[in-house]
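# Structural characterization, general
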Amino acid sequence: MLDDRFTDKYFGVAITMAEIPCERGSCEDVAAMMTEISSRKLHYTGPRAAQNSVNQVYNYIDFRQGYTVLQLLRCLPDFRFRMYRNNMVHGIIVNLENCLSEVEKRHKQMYYNSPSELIDELNKAIDDAVGNILKYLDIVQYSSYTSGDDVLHPFTTELDQKQLALQKEEIEKIYHQLTNKVPGSVTNLMQTMSASFNQSRSDNKKIVKILLAETKTLARNLKNILFQNPEGWPDIVIWLLNGRSRVAYARVSPSDVIFSVIPEQCGRNCGAIQTLFFKPLKCAKHLNTTSACYCIAGKVELLFWMGLYRQKSAFNTAVPEGYTLKYYDCEMCLTCPSLVLECRVFIFKAKLTNVDSTVNHIGTFVRVNTLTSVKETKTQLRTPSPVWKQVLKLQKTVPMSQQRLVTNPPVVLIEVFEIDELTNRKELIGRFQIQPEVDDAMNMKIAPKLQWYEIYRGVEYTGQILMSVQMIMVPEKLVKTTSYPDVDDMASVKCPEVEHDLFESLPSFLIPSSTTYKVDVYWWGLRDVNITRKPCVVFEIDDLMLKSDIIVDNKANCNFPKGRISEVFESLISDVYMPTLSIRLYDSSTFGRTLFLGTNVVKHPTKYIVNWLSQNEREKSLYTASIYSNIFYQINQTLLVKKSSKSVDIEDNSSVTSVQPHVKKSKFNKWFSSKEPLEEEFTLLPVYTKEKDRIKVVKKVSSIDYNNDWWTRFFYSNDEETTEDNQITNHITIYNSELEAQPEFSRFKDWCSTMKLYNGKKSGIPDKDDDLHCGYLKAGIAIYKWPPPDNTVAVNEFGVPLNRGVFAEYPNNNPTKHLVRVYVVKGLNLTPKDFSGKSDPYVVLNCGNKKLGDSSSHVSKSIDPIFGRMYEFHATLPEDYLLRISLYDYDAISSDELIGTTTIDLEDRVYTKHRATVGIGAEYTRWWHDCKKPSTILEELCKKNHIPLSLYPDNASVYVNGVEYRDNNLTEWWLVIMCRDSPYWDSRVAHKKSTFFMHFFQLINKEQGPFLEYEEYLAPVLTVQLLEYETDELLGSLTQNLNSLPRGAKLAEQCDKVSMENSKKINLFALKSIRGWWPLSSSSSNNEEDLTLIGVIDLELTLLPKEKALLMPVGLGRDAPSPLPDPNRPDSGSTIGKCCGVMKSILKTVFCWYTIACLIVTVLIVAFYEFYEYILVPWARIKIGYYRNHPRAVGLTDVISLKMFPLEHDITA
């Protein structure tokens, strides 16, 4: 094909290649051949006469005598080793990309019976790639740089050696990554990922997407180790000459056509027919902008082969099958028999961009060029979506072999033009080339299905066209009965082509039916879009374009004002001809200017199609079938659970689990603020690290139901060996992955879709696409056929009338405030960050500008930590829509290291129909956490589904839309105590002293039925138990009704059982506060008459209303509510204290005073005897002897001094 604007009557084709100075060999044959080629100009076809096509738009060269073989001989330095290793890597990439394109095409158009077929193809492609990589490593390691016997070390530079080492190292890494996934397997990458999913159809589709991304990543990694322009040789240039002047050219890289005896080292186009387009040297339309010129001067089909001079005999093997190589002296040509071909082009419509439909004198047509023939469609008025519905047939007798037609059919060039009917000036809109489908059947019913093809003008995208191309080889029987011109008479005989003014319509079975649809869009809001101030979004499908309102202040509120919009349009929406849905994000600036920021293209918007039914049909179906509502589950964050080795010792079906509500509160808030903190942290469960810290329960402790304790229920729900003997009736559902991944919850996207916006075209490689990511769009989209027949009210499955739109009853997207509680239970199989194989993990929560958690709460040396914490904070949607939970490894010296992170979309949890905020229990039991009763929830569901409200004829049945649901189980009664912090308070863990206090509570008697609940307030009974600290032995208890509470005694001596029965009864709810002494009793049986008084207890009871209690929070970690003064008693844990306790018990016996009196008399007698014997008698003896020897009186001082001499001394001496 030659454009008549650039060519004249005679033109030709020549090939050239620049020379590189190098040492030439001494071979005489090479020098003689080089001289012969140069003198006879064997690189040039010579001037050929131009042949005109029927419509004289393009010319072509006549090769009736055979295809000329051009020859060129050059002496170049041998750099083939560079090209060989690059060609091997490039061959691996080409095979992967071909497989990827085929699998993506089939996956997009759903041309497969099962997704496992696509998985097998990808597995095979990866297996082949691993084998080729291994072959590359063997060739590089054990062979020379070429496949021959030449020694090329003189041409090898140090850079070549380093490049080869680097390339080899990178390929070895890729090889080990592929083979080390599962030892002993080659296709481990795919097989490992396939085994991790269930073998359902939906899961297999996910596998296909993941494998496509992994394969693209592999191809990208291989591309990164390719070296640009590695050959060191100049390009081969193909020239188009008009007479003797060069008017256009095309380039071919030597590495693409180099030959090697090893097939993997050959160029990709060596010995293959390829189509090249000539680029004009000078274009009259683009004189000043040559680089932006999109014009082509011609098209040429070439077969290239490049090898050593001594390998020229191998050129015979590169000749396609069916062609014959003929020699005329030094000249060569290819000949082959002729075939009668018919090219059928089925054109339906196009979608063009940037089209001004207000001009009436401009039309659009399509031009087809193939088999040296040109055909054009009729001209249609220029619109964004011109429709032709036409079949173009091009018939020609051409020299071509059947094998070449099947393996490499001629390329068909499709061009779309616009024409000004006043001036007859034509302007190119876009072009593309297509490979036709080859067939030998003449029947029109086997025509290929129409497909969308993208149109480009240069590198600019200008639209797409719906069409298909078929190449028919006319059978021999039909050729014998039909008169066709010979090749020699092609110039004089007109080809049997259809005249230009005769058009054949498109077959009816190929024409897709066009239907009127209605689209409802609810623009909800933008998320994580920080590159714009006034964003707006444009929705486009087929010819319809919808624009959202502008978000004036993106930082204050990132939701769209007046988000609901509806529009009716006509389109071809089916499985085969599904139009693409485009979402584009713009920044609206002043003066009407817009700046493109990002886009999201949905190639198959089938998930947005809604099937409606008439209101009468829906009502009939509701009355004839039972209604099964969605299964609701208790919604908590993902719990990946293993069997824990640390447990609570349980004896005789009894357990006590200490719950430690711990609140972190700064001193500043404690002193100066009386409000409840916005962000709080609570400890949910005890963490026992030593055996002695485990709780042991004895028989005397009152039995506590397992269902009363969350941690016990969690433990037994996780225990696989749990039996009916454990009496666990309220199990916790534990999922093995995040709730968004559970199929019954549909990722919580049932209320709207979250679409990623990209600032560029996606490549399918996750890492590369993340760089293009610029934000999220949340929007609800629904497409359905419209309008319905007359006298028909169209509704959706929920009964919403569609004349108001699908999203008419959706909540408004105004900002809302919520209280969020996050329960962090435990971690499993965390990545160790320390050299010891352990970590010191702690939890950090981020939600908007809020951050909770710090390193002070880390768990030391554990990869399966038990956190047991509850975090509470206030969130405003949409500002705080994303909750990020991160785990860090605490390090006292260096900075803390991130272990992992996960995110939760709080907005999806709030607005989903699955009630993911709290969830709905399977039964209406004592652990009903929802703020609404089941009857209220059922009433709301009836309203949302537009069915009559439910009726309750009795306690065990309910009528929903006329269908009766009955439960034959017996009615249960139970007592529910809902405390703010904890249903139990263990004073031992709190302060190790008897200081009891409680919060506001509700005491409700509920009658359980499957569909009805009844509440009755019971008498509030307070039970206080006294336990021995070390043995947990029950010493005594006190049980009193707070509505009829006996007034406590003022003194402990006045407190006994009789006085309490005769004392005045008071109402604590009216009195609010009281203090006194009450008796403690103990009993070995459940009979009240066997109660034994064991002591008294001093209590102060205070009741506060809920509002006041919120302003004065108390509990573990806070101040006690006006605590009593500590009693004066010794430490019960010391030895002296125990001795004092024993002495005190002895003194309280009946004979204590008699014992004391006897002891006193005994002590006095002993003291008197000692005084008489050792003091009085010796003194008397001294006095008598002194007065006997000295009759004079002596003084007091002398007497005292004399008393100091022992009795055995001689006083007179």
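This is a predicted model, so every value here is computed, not measured. (Residues numbered from 1 in each chain as written. Predicted model: local features only at pLDDT ≥ 70, side-chain atom pairs only at ≥ 80, totals over all residues. Heavy atoms only, no water.)

### Quick word on the side chain of aspartate 880
Along the chain, the position of aspartate 880 falls in the loop between strand E37 (866-877) and strand E38 (882-889). Polar side-chain contacts of aspartate 880 include one of 3.1 Å to the side chain of lysine 850. (Helix = DSSP H or I, 4+ residues; strand = E, 2+ residues; numbered from the N terminus. Polar contact = N/O pair within 3.5 Å; in protein donor to acceptor, adjacent residues only side chain to side chain.)

### Details of the confidence of the model for the chain
Of the residues in the chain, 72% reach a pLDDT of 70 or more, and the chain-wide mean stands at 75. For residues 484-501, every residue scores under 50 in pLDDT, and the model assigns this stretch 24 contacts once sequence neighbours within four places are set aside. (pLDDT = per-residue confidence, 0-100. Contact = heavy atoms within 4.5 Å.)

### Here's the deal with the pattern of salt bridges
Inspection of the entire model under this criterion finds 37 salt bridges. With a closest N to O distance of 2.3 Å, glutamate 121 and arginine 106 form a salt bridge. One end of the pair, glutamate 121, is in helix H3 (residues 115-142); the other, arginine 106, is in helix H2 (residues 80-109), with 15 residues separating them in the sequence. A salt bridge links glutamate 301 to arginine 404, with the nearest nitrogen and oxygen atoms 3.2 Å apart. Highlighted residues: glutamate 301 in strand E9 (residues 298-303) and arginine 404 in helix H9 (residues 402-407), separated in sequence by 103 residues. For arginine 404, a relative accessible area of 8% corresponds to the buried category. When salt bridges with common partners are traced through the structure, they connect Arg527, Lys749, Lys778, Asp905, Glu907 and Asp908 into a single cluster. (Salt bridge = Lys/Arg side-chain N within 4 Å of Asp/Glu carboxyl O. Buried < 20%, exposed > 50% of the residue type's maximum accessible area, 1.4 Å probe, protein only.)

### Brief notes about the nonpolar core
Ranked by internal contacts, the top residues of the largest apolar core, which has 43 residues, are Leu341, Val345, Ile347, Ile414 and Ile465. Residue assignment for this core shows that the elements contributing at least two residues are helix H8 (315-318), strand E11 (331-335), strand E12 (338-352), strand E13 (362-370), strand E16 (387-399), strand E17 (412-420), strand E18 (425-434) and strand E21 (460-473). For this core, the element with the most residues is E12, which contributes 7 residues. In this structure leucine 341 touches Leu371, Leu394, Gln395, Lys396, Val398, Met400, Leu405, Met471, Ile472 and Met473, once residues within four positions along its chain are discounted. Counting 35 residues, the second-largest nonpolar core is a separate cluster that includes Ile126, Ile133, Leu178 and Ile225. (Core = buried A, V, L, I, M, F, W, Y, C linked by side-chain atoms within 4.5 Å.)

### Here we look at helix H4 (residues 158-179)
Over its 22 residues, H4 runs 32 Å from end to end, which matches the ideal 32 Å to within 8%, given 1.5 Å per residue. Turning to H4, its buried residues number three or more, namely Asp160, Leu164, Gln167, Ile171, Ile174, Tyr175, Leu178 and Thr179. Considered in projection along H4, the buried side chains sweep an arc of 120 degrees and stay on one side of the axis. In H4, the exposed positions that point more than 90 degrees away from the buried face belong to Glu158, Leu159 and Lys162. (Expected span 1.5 Å × (residues − 1). Arc of directions from axis to C-beta.)

### Considerations on the environment of proline 878
By the element assignment, proline 878 lies in the loop between E37 and E38. Once the C-alpha coordinates of proline 878 and proline 815 are considered, the two residues, 63 residues apart in sequence, prove to be 6.2 Å apart. For proline 878, the residues in contact, after removing those within four places along its chain, are Arg527, Asn557, Cys558, Asn559, Pro815 and Glu907.

### As for the sheet that holds strand E36 (residues 850-852)
An order of E36-E35-E38-E39 is seen for the 4 strands of this open sheet, with the pairing classed as antiparallel. Each edge of the open sheet is held by one strand with a lone partner, namely E36 and strand E39 (897-905). Pairs of neighbouring strands in the sheet enclose a mean axial angle of 20 degrees, with direction left out of account. Here strand E35 (residues 841-847) pairs with E38 via 7 bridges, running antiparallel. Looking at E38, one finds that proline 841 is bridged to aspartate 889. (Pairing = 2+ DSSP bridges. Axes fitted to C-alpha atoms, helices over the stretch in contact; angles between N-to-C directions.)

### Describing the packing of H2 against H4
The N-to-C vectors of H2 and H4 enclose an angle of 15 degrees; their axes lie 12 Å apart at closest approach. With respect to H4, the element H2 is oriented roughly parallel. Crossing angle aside, the handedness with which H2 passes H4 is left-handed. Between H2 and H4, the contacting residues are Phe81, Arg82, Arg85, Asn86 and Val89 on the first element and Asp160, Gln163, Leu164, Gln167 and Ile171 on the second. Classifying every residue of the contact of H2 with H4 by side-chain character gives 4 nonpolar, 3 polar and 3 charged. (Parallel < 35°, antiparallel > 145°, perpendicular 65-115°, else oblique. Left-handed = near helix turned anticlockwise from the far one by under 90°. Nonpolar A, V, L, I, M, F, W, Y, C, P; charged D, E, K, R; others polar.)

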